[in-house]
Amino acid sequence: MNLPHAFADDDAIEQPKVLLVDDDEVNLLLTAIALRERGFSITEAGSGERALQMLAQWTPDIVVLDAMMPGLDGFQTCRELRRMPGFENVPVLMLTGLDDDASITRAYQAGATDFFVKSTQWSLLAGRLRYLLRASRTRLELERSKAKLARAQDLARMGSFDWRRHEGGFSLSSEGLRVFGHAPHDHLTFRELLRLVPAAERRGLLRLLHEVLNHSSVLATDVPVTLHDGRQRIIHVEAEPEFNEHGQSAGYTGIVQDVTDRRIAEDKIRHLANFDALTGLPNRRQLIWRTERSLEHARRLNHNAALLLIDLDRFKVINDTLGHAAGDELLMEVARRLRGCVRHSDQVMEGALEAVGARSHRTLEAVGRLGGDEFVALLPEVADERDAERVAQRMLDVMREPIFVGGQECFCTVSIGIALYPRDGATVADLLRNSDVAMYSVKAQGRNSTSIYTPQLAGRGREKLELESALHKAIERNELVLHYQPKVDVRSARMVGAEALMRWQRGNTLVPPAEFIPLAEETGLIVPLSEWALREAARQVKAWQVSIDFKDSIAVNLPSRLFERSDLVEHIHHSVTTYGVPHRSIQLEITENHLMKEMQSVIPSLKRLNEIGVEIAIDDFGTGYSSLAYLTTLPISELKIDRSFVRYLGLKPESSAVVNAITSLARALKLRVVAEGVENLRQMDALHRLGCGVMQGFLFSRPIPPDELERWLQQTVLPRKAPWISEVGAMDANFDSARYAGS
């Protein structure tokens, strides 16, 4: 959700009173400090029980609840709060660490006004609180206005009228004449009064009047009129029959009241409850209501319906780069474009729906905003999935056009998931869940496309959840292992270090990193996995010092987010001192692309690591699109030539030119060079001739467990039995012969 930067209208409350409830004392303290700095008066409670005790004696302007607390959690606290007198409409913001549909739905069911995913974006949290306060005050003012009008109607009848069957006819009091825009002494006949009613409503009103007269029943209705000066008003009419001494109907007496302001207030309240304040589209509540009605009609009339879940691609990048005001502007333009792709209808009243007739469900078709950057398109009747795909394609087409926000042109495509009733679900929840699964399959395949739900997609989603759950437990179950690929100096035919590569021993299956490292990065588990890898590498250095007199370093590849952590240096120091090995025995690798993206944030950590003796290597060197100036300013010791440049050495002169340039640059900067992905003698020979002597790849050894690496050293390298050792000897002999002949 995007909020404006300024909330000038919210200054009416000086220091809004906030009750902040969180069992985590650190979070409670940090949040309280941040909100006080932003102009809020904070009262703190460490539990749901304590919060309810405080609320019994005091009423804040807004309540902020942590969802997960021991004892009475945030959801139950919210339910109990809503049962307390006077707290039915107090805004409640639920803080949750989980941005998932189940937690969000549970928060709304408990009575929360809104939810906010926990983060350190204090300004965004403060903006959300001010937005809720403003919406609450608007709603309260409208409710008060409605109550005042209702009270005025009870206390002061705005005008009276009489109608007699046989004598006197119709007559209005002077106050009644003023209701219709006439002077007190004017005369207004019943026929003239009917002419004030628009022709479209007049026939229905006459039908109602005939029915009331035939049954001598009470009349109570609202009638739209257009006064002589052109003003359009809503007149409430109430009348009761009068009877003569024989029990026969003699006429009616009643009142008329201008209820236009009340109806406007009711419409505003209804709009607030059913439509998104930013885009004007139907909100989650209205979408669910419309979808339920659509499914009822589809069930009764035996046809298909479709739900399209639309998620903006890269919206966060635009929002963070250009600001929240630009993000709001973008959402409004997206809403306008998507709305134009369907037969959108803004009607929300069930009575209006039933009045349309047998095909009334078609008026339910609409695009709505589900929340944040997610939209939903409801198609209440489709022949088959191709109808839904055509609508989705229109949306993809209109979103490919540039959008101007914040004075800048940008592009924002969409990913769309489609679910059909009844094939893909019989309830709103089923269709939302399955269209969400389909939408995320589009995200996984590159975005800017559409996908129709299939059970296979749901199966992949369940597999991913199972994999994530198992990965959480992998560390504590000691299922992670490190395999090591040696770095070899081909000139001296000896190992000069090794790179640690993580594997997951899941039961009898060795899971390769390509299957779990992306998931670990997505879920944040990459941090504890990397910390474990550092400890395990330090332990292995110590073991090899004893068994093979290892004096070199083990390289561990770390994600850039770990370099941003202030405790990285301390963690490495603790790892090496625990096993009594020097700091230089651990080398850290960071890919060039990650380094370029997070340059400013990782520089302090790189320098501190260099100060304690930990060397830094740049992995996949040559693949990043960046200036090489960083090589002269950062504390880097080693460059690793990416395997894409090694693959065609000896076949393509371009590859040799790139490798030669990298080795020359490294020599000039006094940096070591390691070539990755060396798989055959041709590549080794070319690298050797180009001056790169340290190599790593399948030619020498695959990544293997530590005990197998020891056997590799003892059985292959030390006896000098490997084919590549003989090849190097031959290359050196040829080089010496050539040099001798030249002299």
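Residues numbered from 1 in each chain as written. Predicted model: local features only at pLDDT ≥ 70, side-chain atom pairs only at ≥ 80, totals over all residues. Heavy atoms only, no water.

1. Comments concerning the overall build of the protein
Thinking step 1. For the protein, the count of helices and strands is 28 helices and 26 strands.
Thinking step 2. Residues classed as buried in the protein amount to 48% of the 743 residues present.
Thinking step 3. Sequence-distant contacts, at least 24 apart, represent 65% of the contacts inside the protein between residues at least 6 apart.
Thinking step 4. About 37000 Å² of surface is accessible on the protein, with carbon and sulfur atoms providing 51% of the total. (Helix = DSSP H or I, 4+ residues; strand = E, 2+ residues; numbered from the N terminus. Buried < 20%, exposed > 50% of the residue type's maximum accessible area, 1.4 Å probe, protein only. Contact = heavy atoms within 4.5 Å. Areas by Shrake-Rupley, 256 points an atom, 1.4 Å probe, with all protein chains shown as cover.)

2. A few points about the side chain of Arg130
Thinking step 1. Structurally, Arg130 is set in helix H5 (residues 122-155).
Thinking step 2. Taking relative accessible area as the criterion, Arg130 reaches 16% and is therefore assigned buried.
Thinking step 3. In this structure the side chain of Arg130 is engaged in a polar contact, spanning 2.5 Å, whose partner is the backbone oxygen of Arg38. (Polar contact = N/O pair within 3.5 Å; in protein donor to acceptor, adjacent residues only side chain to side chain.)

3. Notes on the sheet that holds strand S1 (residues 17-21)
Thinking step 1. The parallel open sheet is built from 5 strands, whose spatial order is S2-S1-S3-S4-S5. Strands at the two margins of the open sheet, each flanked by one partner only, are strand S2 (41-45) and strand S5 (114-117). This sheet shows a mean twist of 25° between the axes of neighbouring strands, independent of strand direction. (Pairing = 2+ DSSP bridges. Axes fitted to C-alpha atoms, helices over the stretch in contact; angles between N-to-C directions.)

4. Considerations on the nonpolar core
Thinking step 1. Formed by 87 residues in total, the largest nonpolar core has its most connected members in Phe563, Leu588, Phe700 and Trp724.
Thinking step 2. Top contributing element to this core by residue count: helix H18 (residues 526-547), with 10 residues.
Thinking step 3. With residues up to four places along the chain from it excluded, the contact list for Phe700 reads Val488, Val490, Val678, Met684, Met695, Trp712 and Trp724.
Thinking step 4. Ile310, Leu312, Leu338 and Val342 belong to the second largest nonpolar core, which has 34 residues in total. (Core = buried A, V, L, I, M, F, W, Y, C linked by side-chain atoms within 4.5 Å.)

5. With respect to the packing of aromatic side chains
Thinking step 1. Within the structure shown, the criterion is met by 7 aromatic pairs.
Thinking step 2. Between Tyr108 and Phe115 the ring centres are 6.3 Å apart and the planes differ by 90°, which places this aromatic pair in the edge-to-face class.
Thinking step 3. The exposure class assigned to Tyr108 is partly exposed, which follows from its relative accessible area of 34%.
Thinking step 4. Phe115 sits in the buried class, given a relative accessible area of 18%.
Thinking step 5. Taking 5.1 Å as the distance between ring centres and 85° as the angle between the ring planes, the aromatic pair formed by Phe700 and Trp724 counts as edge-to-face. In this pair, Phe700 is assigned in the loop between strand S26 (694-695) and helix H27 (706-717) and Trp724 in helix H28 (residues 723-742), connecting sequence segments 24 residues apart. Each member of the pair Phe700 and Trp724 is classed as buried. (Phe/Tyr/Trp six-rings, centres within 6.5 Å; stacked < 30°, edge-to-face > 60°.)

6. Looking at the sheet that holds strand S9 (residues 232-243)
Thinking step 1. The antiparallel open sheet is built from 5 strands, whose spatial order is S7-S6-S10-S9-S8. Each end of this open sheet is capped by a strand with a single partner; those strands are strand S7 (170-172) and strand S8 (219-226). With direction set aside, neighbouring strand axes in the sheet form an average angle of 25°.
Thinking step 2. Sheet topology places S8 next to S9; 8 bridges connect them, and they run antiparallel. Directly across from Ala220, in S9, lies its bridge partner Glu238.
Thinking step 3. Strand contacts of helix H8 (residues 199-215): strand S6 (160-164), S8 and strand S10 (249-258), with the helix running at about 155° to S8, the strand carrying the most contacts.
Thinking step 4. Running at roughly 115° to S9, helix H9 (residues 260-274) makes contact with S8, S9 and S10 of the sheet.

7. A word on the packing of helix H12 (residues 324-339) against helix H14 (residues 385-399)
Thinking step 1. Between H12 and H14, the shortest axis-to-axis distance is 9 Å and the interhelical angle comes to 140°. Between H12 and H14, the angle is such that the two are oblique. As H12 runs across H14, the sense of the crossing is right-handed. Across from Val334, Arg337 and Leu338 in H12, the residues of H14 making contact are Met395, Val398 and Met399.
Thinking step 2. Of the residues in the contact of H12 with H14, the class split is 5 nonpolar, no polar and 1 charged. (Parallel < 35°, antiparallel > 145°, perpendicular 65-115°, else oblique. Left-handed = near helix turned anticlockwise from the far one by under 90°. Nonpolar A, V, L, I, M, F, W, Y, C, P; charged D, E, K, R; others polar.)

8. Focus on unusual backbone geometry
Thinking step 1. Here the residue pair Tyr421 and Pro422 is connected by a cis peptide bond, since its omega of 5° sits within 30 degrees of zero.
Thinking step 2. Tracing the backbone through its elements, the reader meets Pro422 in the loop between strand S16 (414-421) and helix H15 (428-444).
Thinking step 3. Positive phi values are uncommon outside glycine, yet Arg720 reaches one of about 60°.
Thinking step 4. The residue Arg720 is located in the loop between H27 and H28 in this model.

9. Thoughts on the pattern of salt bridges
Thinking step 1. Tallying each qualifying case throughout the model produces 40 salt bridges.
Thinking step 2. The closest approach of N and O atoms between Arg83 and Glu80, which form a salt bridge, is 2.8 Å. Linking Arg83 with Glu80, this pair stays in helix H3 (residues 74-83), spanning 3 residues, or about one helical turn.
Thinking step 3. A salt bridge links Asp311 to Lys443, with the shortest nitrogen-to-oxygen separation between them at 2.7 Å. Placement of the pair is Asp311 in strand S11 (residues 304-312) and Lys443 in helix H15, with a sequence separation of 132 residues. Each member of the pair, Asp311 as well as Lys443, carries the same accessibility label: buried.
Thinking step 4. The network of salt bridges with common partners includes Lys487, Glu615, Glu638 and Arg672. (Salt bridge = Lys/Arg side-chain N within 4 Å of Asp/Glu carboxyl O.)

10. Here's the deal with H27
Thinking step 1. Compared with the 16 Å implied by 1.5 Å per residue over 12 residues, the 15 Å span of H27 between its first and last C-alpha is a close match.
Thinking step 2. Listed in full, the buried residues belonging to H27 are Leu709, Trp712, Leu713 and Val717. The buried residues of H27 occupy an angular sector of 95° when projected down its axis, which confines them to one face. (Expected span 1.5 Å × (residues − 1). Arc of directions from axis to C-beta.)

11. A few points about H8
Thinking step 1. Here H8 contains 17 residues, and its C-alpha end-to-end distance of 25 Å stays within 8% of the 24 Å for a straight helix at 1.5 Å per residue.
Thinking step 2. Taken residue by residue, H8 has Leu205, Leu209 and Val212 as its buried positions. Seen end-on, H8 carries its buried residues on one side only, within an arc spanning 65°. Facing away from the buried side of H8 by over 90 degrees, the exposed positions are Ala200, Arg203, Arg207, His210, Asn214 and His215.

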